[in-house]
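# Chain and residue survey
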Amino acid sequence: KRTPIVILNFKTYLESTGINAVNLATASEMVAEETGINMVVAPQSSDIYQLSNKVNIPVFAQHIDAVDAGGHTGSTLIECVKEAGADGSLINHSEQRMKLADIDVAVKKLAQKNMVSVLCTNNIETSAAVATLKPDFVAIEPPELIGSGIPVSKAEPEIVEGTVEVIHKIDPEISVLCGAGISTGDDMKAAMDLGADGVLLASGIIKADDPKEALLNLVSKI
Ligand code: G3P
């Protein structure tokens, strides 16, 4: 069994922006040290540099564009996030969807740079489709449950189980995460019991009164 992984997506909440991002990353690092869980933080691009200089846990970008260096104003270049200290990137999050051909380019660019790819999907069918691109992780997140507080691992367990099954049929090396509405130890345990290797989450921790306590609770049952 693989060591559980928790990826905290900072999105664009003020509670996880700038100095708050530094504090949240520091809390995540403490939880990783105290529990042995693999914690990863995914801040906004502009916060990658300061976070990667501050903490020793992996820092991922939330997105990279399928562009080569040159004239692409406003785009996020993989070379830039790598030099800022990113160890990997989310791709195709439901809040930042990409074309299939661009997803393919992004996965390949990450592999070439020895960076971790976490490819987000919305259902079992798209999970199966993108597994052939061989990302390191597929993260299944039903969009309607994102930010809802209703955990996917309890509300739609068949989506998590079905994704694990189709992905591992295509490529057993790909790790599967699930996300959307996950916040408690029970939610995470349910995800792991369904065959996930970990979770990708945001609001349940970022909006908590005490994010460090919330993270400790999240990993308390595994
Ligand atoms: O990427 C994680 C995410 O989309 C889930 O969001 O707020 O439901 O944990 P949340």
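Residues numbered from 1 in each chain as written. Predicted model: local features only at pLDDT ≥ 70, side-chain atom pairs only at ≥ 80, totals over all residues. Heavy atoms only, no water.

## So, the pairing of strand S2 (residues 38-42)
Burial within S2 is extensive, with four of its five residues counted as buried. Relative to S2, strand S1 (residues 5-9) runs parallel, the two sharing five bridges. Following the sheet pairing, Val6 is matched in S2 by Met39. As for the winding sense of the linkage, the β-α-β connection from S1 through helix H1 (residues 19-35) to S2 is right-handed. (Buried < 20%, exposed > 50% of the residue type's maximum accessible area, 1.4 Å probe, protein only. Helix = DSSP H or I, 4+ residues; strand = E, 2+ residues; numbered from the N terminus. Pairing = 2+ DSSP bridges. Right-handed = clockwise from strand over helix to strand, strands pointing away.)

## Side note on unusual backbone geometry
Most of the time, phi is negative for any residue but glycine, and the peptide bond is trans. For Lys11, which is not glycine, the phi torsion reads 45° and is therefore positive. In this model, Ala180 sits at a positive phi of 110°, which is unusual for a non-glycine residue. Summarising the element assignment, Ala180 is placed in the loop between strand S7 (175-179) and helix H8 (185-193).

## Digging into the side chain of Ser153
With respect to the helices and strands, the residue Ser153 is situated in helix H6 (residues 152-155). If we skip the residues at most four places from it in the chain, Ser153 touches Ile182, Asp187, Ala190, Ala191 and Leu194. (Contact = heavy atoms within 4.5 Å.)

## Some remarks on the packing of H1 against helix H2 (residues 45-54)
Interaxial distance between H1 and H2 falls to 10 Å at its minimum, and their mutual angle equals 35°. Note on packing geometry: the crossing formed by H1 with H2 is right-handed. On H2, the residues touching Ala21, Val22, Ala25, Thr26 and Glu29 of H1 are Asp47, Gln50, Leu51 and Lys54. Considered class by class, the residues forming the contact of H1 with H2 number four nonpolar, two polar and three charged. (Axes fitted to C-alpha atoms, helices over the stretch in contact; angles between N-to-C directions. Left-handed = near helix turned anticlockwise from the far one by under 90°. Nonpolar A, V, L, I, M, F, W, Y, C, P; charged D, E, K, R; others polar.)

## Digging into the nonpolar core
In terms of nonpolar packing, the biggest core is built from 62 residues, with Val6, Phe10, Leu51, Cys178, Val199, Leu201 and Leu218 touching the most fellow members. Of the residues forming this core, the biggest block, six residues, is contributed by H1. The residues touching Val6, leaving out its near neighbours within four places in the chain, are Ile37, Asn38, Met39, Val40, Met188, Val199, Leu201, Leu218 and Val219. Of all hydrophobic cores here, the second largest spans 12 residues; its members include Leu90, Val118, Leu177 and Leu200. (Core = buried A, V, L, I, M, F, W, Y, C linked by side-chain atoms within 4.5 Å.)

## Comments concerning the environment of His93
Mapped onto the secondary structure, His93 falls in the loop between strand S4 (88-91) and helix H4 (100-112). Residue His93 is classed as buried on the basis of its relative accessible area of 4%. If we skip the residues at most four places from it in the chain, His93 touches Asn9, Lys11, Cys120, Glu141 and Ile146. Among the polar contacts listed, one links the side chain of His93 to the side chain of Asn9, at a separation of 3.5 Å. (Polar contact = N/O pair within 3.5 Å; in protein donor to acceptor, adjacent residues only side chain to side chain.)

## Focus: the site of the ligand
Around the ligand lies a shell formed by Asn9, Lys11, His93, Glu141, Ile146, Gly147, Ala180, Gly181, Leu200, Leu201, Ala202 and Ser203. In this structure, an oxygen atom belonging to the ligand sits 2.8 Å away from a main-chain N or O atom of Gly181. With respect to the ligand, the side chain of Ser203 contributes an N or O atom lying 2.4 Å from an oxygen atom. Here the residues of the shell around the ligand sort into five nonpolar, five polar and two charged. (Near = heavy atom within 4 Å.)

## Quick word on H4
If you check H4, its first and last C-alpha atoms are 18 Å apart, about what 13 residues at 1.5 Å a residue would give, namely 18 Å. Those residues of H4 lying buried are Ile103, Ala106, Val107, Lys109 and Leu110. Buried residues of H4, seen end-on, are gathered within an arc of 165° and therefore sit on one face of the element. Exposed and oriented more than 90 degrees from the buried face of H4 are Ala101, Ala111 and Gln112. (Expected span 1.5 Å × (residues − 1). Arc of directions from axis to C-beta.)

## Overview of the pairing of strand S5 (residues 116-121)
Counting buried positions along S5 yields five of six residues, so the element is predominantly enclosed. Here four bridges tie S4 to S5, and the two strands are oriented parallel to one another. Bridging from a neighbouring strand, Leu90 pairs with Val118 of S5. Once you follow S4 into H4 and on to S5, the crossover reads as right-handed. Looking at chain direction, S5 and strand S6 (residues 137-140) are connected through four bridges and run parallel.

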